[in-house]
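Residue-level structural notes
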Amino acid sequence: MLKATLRSFLAHKGRLLLSALAVVLSVAFVAGSLIFSDTVTRTFDRLFASTAADVTVEPRDDLDSQVPSGAVQTLPASLAARVTQVEGVASAHADVGVQNITVVDSDNKSVGPTTGAPTIATDWYLTDRSPVKLTSGHAPRGAGQAMLDADTADKKHVDIGDTLTVMAQPGSFEVEIVGIATFTTTNPGAALVFLDPKVAATELLGSADKATSISVDAAEGVSDATLKRRVTAALGSGPYEVKTADEQAESSAESLGGFLDVIKYVMLGFAGVAVLVGVFLIVNTFSMLIAQRTRELGLLRALGADRRQVRRSVLTEAVLLGLVGSTLGLAAGIGLAAGLIKLMSTFGMNLKTTEMVVGWATPVAAYVVGVGVTFVAAYLPARRAATVSPMAALAAADIAGVGRPLKVRAVVGSVVGALGAAALVGCATSSKTASAASLLGLGVVLTLIATVIAGPLLVRPVIRVLGAAFPALFGSIGRMSQRNALRNPRRTGATAAALMVGLALVGGMSVASASMSKSFDEQIDKTLGADFVIQNANFTPFSQEVTDAVRDTDGVGLVVRQRFAPIAVRLPDGKRIETTASGYDDQVDDVARVTYAEGDSAAALADGAIGMDVDFAEDHGVRLGSVLPVEFPGDRTTSLKVGALTDQDAADGFGMQGGLFLGIKTVEKYVPDGQDSALYVNAAAGTDADQLRPRLEKTLDPYPQVQVRDQADYKKLVHDQIAVLLYLVYALLGLAIVIAVLGVVNTLALSVVERTREIGLLRAIGLARRQLRRMIRLESVVIAVFGAVLGLALGLVWGVCIQQVLALQGMKALAIPWGTIVAVVIGSAVVGVVAALLPALRASRMNVLAAIAHE
């Protein structure tokens, strides 16, 4: 049996190739994502471990905020001298390093990276742990001099002797580049500016008495853990955090982890789609191969092979296919990881392919996915093959399911579909976001399974409608193509299912993204009353001089500032919520239309007051007039009285979790070094907004990171951000379509083999080669469009339910992108034509007499 199985596998290797490609794609994305993430993690672990001091003292930051306030947490520079006195300390240095800066050249062009990596200004303090070394020029000496890293200097064409402007929180200052420093380790993509240690704190922090951390070197024979205990004891219970080198490296790695997770999960998402769609392809392929080998399997049974041996034979072929596909997929994954590493170089992250890490988990995961998926997909066809009696097989009975009743599918599909529909109805009617999202996920899974199970039941009614025009347009050729698609509902349903999955995903996300865009458009129209909004391109804060320059611009009337503050609020229900509050000037009503359930802007922005969303307040037992303990960074605490409750939709952009907002004077009091994040600007009386815009843009020329936006710009910005998600979905669709095309090609190719004699007879009675190719193309088109119709119908239902979940977060508008849907249907027909090219060509080249004699 083993010898017969191996010969059968090699005999059908051409037919199995397309199925193997689905396995290759699945495994390649899994292996590539693991190799890439392992390589980056290992590289940066070495970087952080080699550059971290034995012990580091930092300001304690107990508040986690995803929105920067512009303030830099500092500690006294004199702390270094105090730490030096601790037993076991060889030396201690007060470090200065900030990321809330912008650097521009003499043409007012930004010198920083454009990929989201930070621009860091720090004091030049060279140790054996430094990630850079001086390679040209000299170190900065005194004010007005600086060094730049070589990668940034090369990309931005900065040379020694050039003048740059550094915009920091205390103000802007010019520096002459006097030296270039080259990375000796991996460049994480940041731009580094080095200043003289004697002036760095003054220029970057506003005071020579401040520092951002203290680096401590241990004396010989003193462990990091021991030194940490001693330093902690010496500092007492101050607002400081002491970390060993390992802890500092781990903390730095955690901050990088979010970026890596995004890449990893995106690639694993591609792998998941490839696996899901590949299952349909493999099931269909094995079902058809078994149907075509009915006589062969029957002979094996007649010669004494029992059911278990037949089933084992088919599963062995599947395992061999999985092994081949996994091996090729692992190789492709290594290539994919190498490509990603090269791609990261374009973003300034200079990784090396020679340092690629292929851990033991990668090949294990590759073979588990490849072999496991193939084995599972082939199990049902293998069981079906084993249940055929020798006599039925010798009589060439079709075991692929032609003519077999679909009652079981009807019952199971109906039950699963009803449960899925109930879950989606529950999602649409739920008033809680968490429960609605859970029901949505359950409903999506169940309705997808139900559609796959019941797909063959829908083949005849739907394809009769879709192909109704074929006889009129193409005559007998159109009629035969329609009947060929109807001949085996199971096969047609399984082939279309691969395309259906991808298009259902696209349909659902297209409705969701269109609804989000429309909701944000409505909210911008409803809430934004300012003529212009001044913001950084990446929404980070900017220095005070930008605010002053805008106010001094001719034609500017009202300017309302916005600042962010990380806070923690202790609520009446006992919960402590960490979030970000927005601070506004008193005239916020002149630039924004805020709807209040209770109170007003004046009460919310008053000294000692705070405002919040009414739903958030109700959920946590907060009422108008409640007094809440509030924590700010730096161990600053106070109690604020709830002065107003807003009834805003979550899409309005005011505030984060809970919609918390307060007066900007309160923010300045408790976050004294914060910076403005946005300016809402109205034109002065007698000045038209169209006249003011070019003036503002001219004022902001020296600040290339700051942009002027009106309502239309804001809408475009939101649309572009949503489009990023949609492009990812389209990429997933592209992958699904590639595999679906393989499935259609495989089905048609195997169908041509199965119908060899029939094709020969048709040719013998006068069917031309061109007519034969057209018949197969039309059959492919109707199958592809059938999959598109099912997928889009399912996707529309999902999209409407997703919008209902979004509505609970304030995004209440529903929009259905009919243009996208029509384009997808037309594209599906094109996919059908492309998929049929090779099978149709092969069929048309058959020898007529040989085809008639084929058994």
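Residues numbered from 1 in each chain as written. Predicted model: local features only at pLDDT ≥ 70, side-chain atom pairs only at ≥ 80, totals over all residues. Heavy atoms only, no water.

1. Some points on the environment of Leu 281
Relative to the helices and strands, Leu 281 is located in helix H7 (residues 245–292). Overall, the relative accessible area of 4% leaves Leu 281 in the buried class. Residues Leu 281 and Gln 721 lie 440 residues apart in sequence; the distance between their C-alpha atoms is 34 Å. (Helix = DSSP H or I, 4+ residues; strand = E, 2+ residues; numbered from the N terminus. Buried < 20%, exposed > 50% of the residue type's maximum accessible area, 1.4 Å probe, protein only.)

2. Focus on a negative patch on the surface
Residues Asp 573, Glu 598, Asp 615, Glu 618, Asp 619 and Asp 647 make up a contiguous surface patch of negative charge. If one sorts the elements of the negative patch by residue count, helix H19 (residues 614–619) sits on top with 3 residues. Here Glu 618 is to be found in helix H19. (Patch = residues over 30% accessible without salt bridge, like charges linked within 9 Å, V, L, I, M, F, W, Y side chains within 5 Å. Areas by Shrake-Rupley, 256 points an atom, 1.4 Å probe, with all protein chains shown as cover. Salt bridge = Lys/Arg side-chain N within 4 Å of Asp/Glu carboxyl O. Lys, Arg positive; Asp, Glu negative; His and termini not counted. Charge placed at Lys NZ, Arg CZ, Asp CG, Glu CD.)

3. A look at helix H21 (residues 689–699)
By the burial criterion, the buried members of H21 are Leu 692, Arg 693 and Leu 696. An end-on view of H21 places all buried positions within 110 degrees of arc, on one side of the element. Opposite the buried face of H21, by more than 90 degrees, sit the exposed residues Asp 690 and Lys 698. Sitting at the amino-terminal end of H21 is Asp 688, which places a side-chain oxygen 2.9 Å from the backbone nitrogen of Asp 690. (Arc of directions from axis to C-beta. Polar contact = N/O pair within 3.5 Å; in protein donor to acceptor, adjacent residues only side chain to side chain.)

4. Thoughts on the pairing of strand S10 (residues 172–183)
Relative to S10, strand S7 (residues 132–137) runs antiparallel, the two being bridged by 5 bridges. Directly across from Val 132, in S10, lies its bridge partner Phe 183. In this structure, strand S8 (residues 145–149) lies alongside S10, joined through 5 bridges in parallel fashion. From the neighbouring strand, Asp 149 faces S10, where its bridge partner is Ala 181. By the bridge criterion, 5 bridges tie strand S9 (residues 163–167) to S10 in an arrangement that is antiparallel. By the bridge assignment for S10, Met 167 is matched with Ser 172. Taking the residues that link successive antiparallel strands as the turn, the S9-S10 hairpin has 4 residues, and the phi of Gly 171 there is positive, at about 150 degrees. (Pairing = 2+ DSSP bridges.)

5. A short note on unusual backbone geometry
Located in the positive-phi region is Asn 108, a residue other than glycine, with phi close to 60 degrees. Summarising the element assignment, Asn 108 is placed in the loop between strand S5 (102–104) and strand S6 (119–123). For Asn 108, a relative accessible area of 29% translates into the label partly exposed. Positive phi values are uncommon outside glycine, yet His 157 reaches one of about 55 degrees. As for its position among the elements, His 157 is in the loop between helix H4 (150–155) and S9.

6. A look at the nonpolar core
Residues Phe 36, Tyr 680 and Ile 776 are the most contacted members of the largest nonpolar core, which totals 109 residues. Looking at which element gives the most residues to this core, the answer is helix H24 (residues 769–807), with 17 residues. Ala 121, Ala 150, Ile 180 and Leu 195 belong to the second largest nonpolar core, which has 24 residues in total. (Core = buried A, V, L, I, M, F, W, Y, C linked by side-chain atoms within 4.5 Å.)

7. Some details on a nonpolar patch on the surface
A cluster of nonpolar side chains, contributed by Val 822, Ile 826, Val 830, Val 833, Val 834 and Leu 837, occupies part of the molecular surface with about 500 Å² of accessible area. Along the chain, the position of Leu 837 falls in helix H25 (residues 818–844).

8. Considering the packing of aromatic side chains
Both the distance between ring centres and the angle between the ring planes are used here to describe each pair of aromatic rings. One pass over the full model with this rule turns up 3 aromatic pairs. An angle of 80 degrees between the planes, with centres 5.2 Å apart, marks the rings of Trp 124 and Phe 194 as edge-to-face. Of this pair, Trp 124 sits in the loop between S6 and S7 while Phe 194 sits in strand S11 (residues 191–195), placing them 70 residues apart in sequence. In this pair, the class of Trp 124 matches that of Phe 194, namely buried. Plain terms: the ring middles of Phe 632 and Tyr 670 are 4.8 Å apart, the flat faces sit at 10 degrees to each other, and that makes the pair stacked. Here Tyr 670 lies in helix H20 (residues 664–670) and Phe 632 lies in strand S20 (residues 627–632), a separation of 38 residues in the sequence. Assigned by exposure class, Phe 632 and Tyr 670 land together as buried. (Phe/Tyr/Trp six-rings, centres within 6.5 Å; stacked < 30°, edge-to-face > 60°.)

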